[in-house]
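A look at the structure
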Amino acid sequence: MEIQGANSTKSSKTKKWLIGCGIGCGVVIVGLVILGTAGYFFIKDIVQDFKESETLMDTLTERYGTTREFSPDPDGAIRPARIEIFLAVRSSMAPAMEEMERTINILSEMEQTDRDKEESSANIFTKIKTGLGFATQIAEFFRSRNQALLDNDMGMGEYYYIYVMSFYSLLGKSPTDGPPFRVEDQAARGRIMFTERHRETQEDRMDMMLKRVHRQIFPMLQNQYKRLTVWDFSRSKEKWRTALAAEIEAMESDRYRMPWGDGLPDILKTSLEPYRSRLESSYSAVLNIFEGITEQRNEN
C-alpha cells in the first residue's frame, strides 16, 4: 500500500507538469501511453528539472520577496550597476534561450506544413518527441534564469521591472511577442499549457499580457511612491514625484495601461538609453511571453 501511495503522489506531480507544445496537451498524453515506461521515466526527469527551478525560485523569494514587493529606487533612476547585472543575467540565459528558439521554429514549421497538407497526424511522433524535448528546455530556461539571478544578487521583481522598462517602454517591443501558439500561464498552479495559436486572437494575447504587466508593475510603482514620500528629496525632484503620482493614478483607473504609456520620464530614459543597443541584442521576441512567468505561488 505504501508503494501505491508513493506512485500515486508521483503520478499527481507528473500530471501537474504535462506540457503540450503547439499540438495540444492531449496529444502528449496519448504519446506517453504509446511510449509506455520509457515515457513515464522521461516525464519524471522533466518534473525533476522543474522542481530544481522551483527550489531556486523559492530561495529568490525568501531572499528578495515576491515580484510585486520590489520597490524601484525612489529617485526614479536605474543605477548602471543594476543594468549591467540585468544584462549579465540575460547573457547567462542565452544558451537556454537559443535552444528554445530553435525548437519553437521547428514546431511552428511542422504545424504550418500539416495545415498546408491537411495531414495533421503525419508527424505526430516527431511532434511528441520535439514537444517533450521542449519541456526540458523550458525547465532549463527557468533554471538558468533563477540561478543567474541568485549568482548576481538580483531578485525576480527587479529583473522583471528592468525587463518591462527596457523592452516595452524604451525599445517599444510588443507585449504580444511570442511563439505562434497559445501559452496559458498557470505556473502558480504548477502548469504551463500550450494550445494551437488559432484558438487565441491577437486581442486575447494582448489582454492577457497587459493584465500580467499591470499586475506586476503597478504595485512596484506604489512601493516606489511610498518610499519617495518619506525620502528627503530636494525640490528638484518634485517634478518626478508629480509624474510618478500621475502615472499611478492613470494605471489605477486603467488595468490595461502599460507603465509610462505616454512615454518614459527623462530620469528613466537617461538611465536606459546608453544601453539601448545591448538591450536590443539581448531581446528574444519569440520567448517574450515566458518572461513574466515567475513560478511564485499566488503571483501569476
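A short tour of the structure in this document, coming up. Small disclaimer: the values here were computed from a predicted structure and weren't measured.

What counts, and where the lines are drawn
- Residues numbered from 1 in each chain as written.
- Predicted model: local features only at pLDDT ≥ 70, side-chain atom pairs only at ≥ 80, totals over all residues.
- Heavy atoms only, no water.
- Helix = DSSP H or I, 4+ residues; strand = E, 2+ residues; numbered from the N terminus.
- Contact = heavy atoms within 4.5 Å.
- Areas by Shrake-Rupley, 256 points an atom, 1.4 Å probe, with all protein chains shown as cover.
- Core = buried A, V, L, I, M, F, W, Y, C linked by side-chain atoms within 4.5 Å.
- Buried < 20%, exposed > 50% of the residue type's maximum accessible area, 1.4 Å probe, protein only.
- Expected span 1.5 Å × (residues − 1).
- Bend = angle between axes of the 7 residues up to and from the residue.
- Salt bridge = Lys/Arg side-chain N within 4 Å of Asp/Glu carboxyl O.
- Arc of directions from axis to C-beta.
- Axes fitted to C-alpha atoms, helices over the stretch in contact; angles between N-to-C directions.
- Left-handed = near helix turned anticlockwise from the far one by under 90°.
- Nonpolar A, V, L, I, M, F, W, Y, C, P; charged D, E, K, R; others polar.
- Phe/Tyr/Trp six-rings, centres within 6.5 Å; stacked < 30°, edge-to-face > 60°.

This part takes up the overall build of the protein chain. Helix and strand counts for the protein chain come out as ten helices and two strands. In the protein chain, the order of α-helices and β-strands from amino to carboxyl end is α-α-α-α-α-α-β-β-α-α-α-α. Sequence separation of 24 or more characterises 82% of the internal contacts of the protein chain that already satisfy a separation of 6 or more. A total of about 14,500 Å² of accessible surface is found on the protein chain, and carbon and sulfur atoms cover 50% of it.

A few words on the nonpolar core. With 64 residues, the main nonpolar core has Phe-86, Tyr-159, Tyr-161, Ile-217, Leu-279 and Phe-290 as its most contacted residues. Looking at this core, the elements that each hand over two or more residues are α3 (37–64), α4 (80–117), α5 (124–151), α6 (156–170), β1 (181–186), α7 (202–229), α8 (238–253) and α9 (266–272).

Moving on to α7. Spanning 28 residues, α7 covers 40 Å between terminal C-alpha atoms, matching the ideal 40 Å at 1.5 Å per step. Within α7, the axis deviates most sharply at Arg-215, by approximately 25 degrees, and proline Pro-219 lies no more than four positions further along.

Taken as a whole and assessed by the stated rule, the structure comprises twelve salt bridges. One network of salt bridges, with partners in common, ties together Asp-73, Asp-75 and Arg-79.

Turning our attention to α8. The first and last C-alpha atoms of α8 sit 23 Å apart over 16 residues, in line with the 22 Å expected at 1.5 Å per residue. When α8 is considered as a whole, its buried residues turn out to be Trp-240, Leu-244, Glu-247, Ile-248 and Met-251. Each buried residue of α8 lies within a common arc of 100 degrees when the element is viewed along its axis, so the set occupies one face. For α8, the exposed residues set more than 90 degrees away from the buried face come down to Lys-239, Glu-249, Glu-252 and Ser-253.

This brings us to the packing of α7 against α8. Packed helices, taken two at a time, are described by the angle their axes make and the gap between the axes. Contact pair α7 / α8: the axes reach a minimum separation of 10 Å and the direction vectors enclose 145 degrees. α7 and α8 meet at a crossing whose hand is left-handed. Of the residues in α8, those in contact with His-214, Phe-218, Leu-221, Gln-222, Gln-224, Tyr-225 and Leu-228 of α7 are Trp-240, Arg-241, Leu-244, Ala-245, Glu-247, Ile-248, Met-251 and Glu-252. Residues that form the contact of α7 with α8 fall into these classes: nine nonpolar, three polar and three charged.

Let us now look at the environment of Pro-179. Note on placement: Pro-179 falls in the loop between α6 and β1. Along the backbone, Pro-179 and Ala-285 are 106 residues apart, and their C-alpha atoms lie at a distance of 8.3 Å.

Now for the packing of aromatic side chains. Taken as a whole and judged by the stated rule, the model has twelve aromatic pairs. With 6.4 Å between their ring centres and 85 degrees between their planes, Phe-134 and Phe-290 make a pair best called edge-to-face. You can see Phe-134 sitting in helix α5 and its partner Phe-290 sitting in the segment after α10 (276–282), a full 156 residues away along the chain. Exposure class is identical for Phe-134 and Phe-290. Each is buried. Aromatic pair Phe-141 and Phe-142: ring centres 5.5 Å apart, planes at 65 degrees, arrangement edge-to-face. Judged by relative accessible area, Phe-141 falls into the buried class, the value being 0%. The rings of Phe-86, Tyr-159, Tyr-160, Tyr-163, Phe-167, Tyr-168 and Tyr-283 are connected pair by pair, giving a single aromatic cluster.

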